[in-house]
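Chain residues, written in single-letter form:
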Amino acid sequence: MQTRQTGARPDREHCVRAVQSKDARFDGWFFTAVLTTRIYCRPSCPVVPPKPENMTFYPSAAACQQAGFRACKRCRPDTSPGSPEWNRRADLVARAMRLIADGVVDREGVPGLATRLGYSTRQVERQLLAELGAGPLALARAQRAQTARLLIETTPLPMAEIAFAAGFSSIRAFNDTVREVFALSPTELRARVPGSGAGTPGALNLRLPFRAPLNPSNLFGHLAATAVPGVEEWLPDCLDGAAGTPTGAYRRTLRLPYGHGVVALAPRPDHIACRLTLSDLRDLTVAISRCRRLLDLDADPVAVDERLRADPLLAPLVDGGPGRRVPGTVDEAEFAVRAVLGQQVSTAAARTHAARLVAAHGKPLDDPEGGLTHLFPSPEALADVDPETLAMPRTRRTTFSTLVRRLADGDLRLGVDADWAEARARLLALPGFGPWTVDVVAMRALGDPDAFLATDLGVRRAAGELGLPSTPAALTARAESWRPWRAYAVQYLWATDSHPINFLPA
């Protein structure tokens, strides 16, 4: 069965074939509801597939729940990777889904979601219902149920605290939703998992799923090699792994809506080990969402690699290390600032500039487990920085000051609700923002999978060595066949170098 190269969802015949072959590549793309048992599953559910005439398909877990189906207790469809559609698109529905994953509906309601998107609530509800079979409230409710399950199974918190931490407005709504979605009470759900509820309050050990394959080398290598001291670190022996797996982890601080957090992330063969310590458990949903974006865990690597492998000059790179992801960010404004600090300097120099900013203007925090000391300073804090105190050329000081002012006053939006074309245009209008800076922000902060760094020296050098055109204009023309995955092509081209960003730390 071939994966889809376009944004179209599979038709019924392809859905049936995916279920019968237990194809995990389609987990999160759609959900199978069984008419006879009234449960819904992921395509890769290990149970014997139902008869095709008893299958019906929905584009979201929320649509299944709204139609009266319960989550399967074997395959746990609520833990599927997210649909890759919301990563590759920048239309209203994709932006709405990214915002819902970020917990906006729980914090600001549907009117707040609509305001961020610039549409009426009726328009937002109509488009979500048409494409996903559920409106924003139902989608947010399904997400609250998943968050509640995580807290029930991984913490010893009382159920009342879990209810409000997961975003429910009342204990009754929490109990009713858990029973309806999982066909178990919260207490029964906790009792089903051996050792559940035995963790430390505030410290959550989670498994973040992804679609295989995943190549951790450039992903964690990039994050470790560019880590800003005090905010990020690679810590050996941080998370225990199974025999033969690495135990080191990338750790960093998180600025979150209700407080702050520290996360440790480590690659495993079939998941990412994640340990979250949060000052406020209401931030769990948004913290998980941002970690998934950081590691590009909702990508469809088979579709990406199939497209890039069609180019005979890229094919050996793809075959040699399939499943490369695009390293993202947990804070779009932070990344834009760091992109400016990294203009025309080495990786080490960029880290030094950023570390000075962090020490002088970041919010301090305690980290008993490692060497993290601060949150990266917010745009509002950086807007008050005297440019003369910055150890960089005058023109770059102007670029820095203009950027942080635009971010602080809201004139420039780079969050999950950003319109990619509008954000690009606003970035290009800033002094000192050329094609490289705009494209690297688009690739790693906005999450545009088709952003392409045609002027990047590493990309051009790799292109020349492979026999590809090395001038920006000619390389851009050649890269047309790589659309819509040119950001992933950049990762494969960068991987030809011996730079530390390409290697998992020892």
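Residues numbered from 1 in each chain as written. Predicted model: local features only at pLDDT ≥ 70, side-chain atom pairs only at ≥ 80, totals over all residues. Heavy atoms only, no water.

**Comments concerning the pattern of salt bridges**
In step 1: What the rule picks out here adds up to 40 salt bridges.
In step 2: With a shortest N-O distance of 2.7 Å, R89 and E131 are connected by a salt bridge. Here R89 is found in the loop between α3 (85-88) and α4 (92-101), whereas its partner E131 is found in helix α6 (residues 121-132), with 42 residues between them in sequence.
In step 3: Accessibility expressed as a relative area gives 27% for E131, which makes it partly exposed.
In step 4: As a salt-bridge pair, D102 and R290 come within 3.6 Å of each other at their nearest N and O atoms. Residue D102 is located in the loop between α4 and α5 (104-117), and its partner R290 is located in helix α12 (residues 284-295); the two are separated by 188 residues in the primary sequence.
In step 5: Take R290: its relative accessible area is 15%, and that puts it in the buried class.
In step 6: Taken together, the salt bridges that share partners define one network made up of E85, R88, R89, D91 and E131. (Salt bridge = Lys/Arg side-chain N within 4 Å of Asp/Glu carboxyl O. Helix = DSSP H or I, 4+ residues; strand = E, 2+ residues; numbered from the N terminus. Buried < 20%, exposed > 50% of the residue type's maximum accessible area, 1.4 Å probe, protein only.)

**Some details on α5**
In step 1: An ideal rise of 1.5 Å per residue puts 20 Å on 14 residues; α5 reaches only 11 Å between its terminal C-alpha atoms.
In step 2: When we look at burial in α5, the residues that qualify are V104, V105, V110, G112, L113, A114 and L117.
In step 3: The first or second residue beyond α5 is G118, which carries a positive phi of 80°. (Expected span 1.5 Å × (residues − 1).)

**With respect to the sheet that holds strand β5 (residues 203-208)**
In step 1: The antiparallel open sheet is built from five strands, whose spatial order is β5-β9-β8-β7-β6. The two strands at the open ends of the sheet, each matched to only one other strand, are β5 and β6 (232-235). Taking each pair of neighbouring strands and ignoring which way they run, the sheet shows an average axis angle of 20°.
In step 2: Pairing of β5 with strand β9 (residues 272-278), which is carried by six bridges, proceeds in the antiparallel orientation. Directly across from A203, in β9, lies its bridge partner T277. (Pairing = 2+ DSSP bridges. Axes fitted to C-alpha atoms, helices over the stretch in contact; angles between N-to-C directions.)

**Considering unusual backbone geometry**
In step 1: At the junction of A212 and P213, the peptide bond is cis and its omega measures out at 0° in the coordinates.
In step 2: Residue placement: P213 occurs in the loop between β5 and α11 (216-225).
In step 3: Not every positive phi belongs to a glycine, and R38 is a case in point at roughly 65°.
In step 4: Within the fold, R38 resides in the loop between β1 (31-34) and β2 (39-41).
In step 5: We note that Q344 has phi near 60°; this positive angle belongs to a residue other than glycine.

**Remarks on the pairing of strand β3 (residues 55-58)**
In step 1: Going residue by residue along β3, you find M55 and F57 tucked away on one face and T56 and Y58 left uncovered on the opposite face.
In step 2: Sheet analysis places β1 next to β3, joined by four bridges and oriented antiparallel. Residue A33 lies in a different strand from β3, and its bridge partner there is T56.

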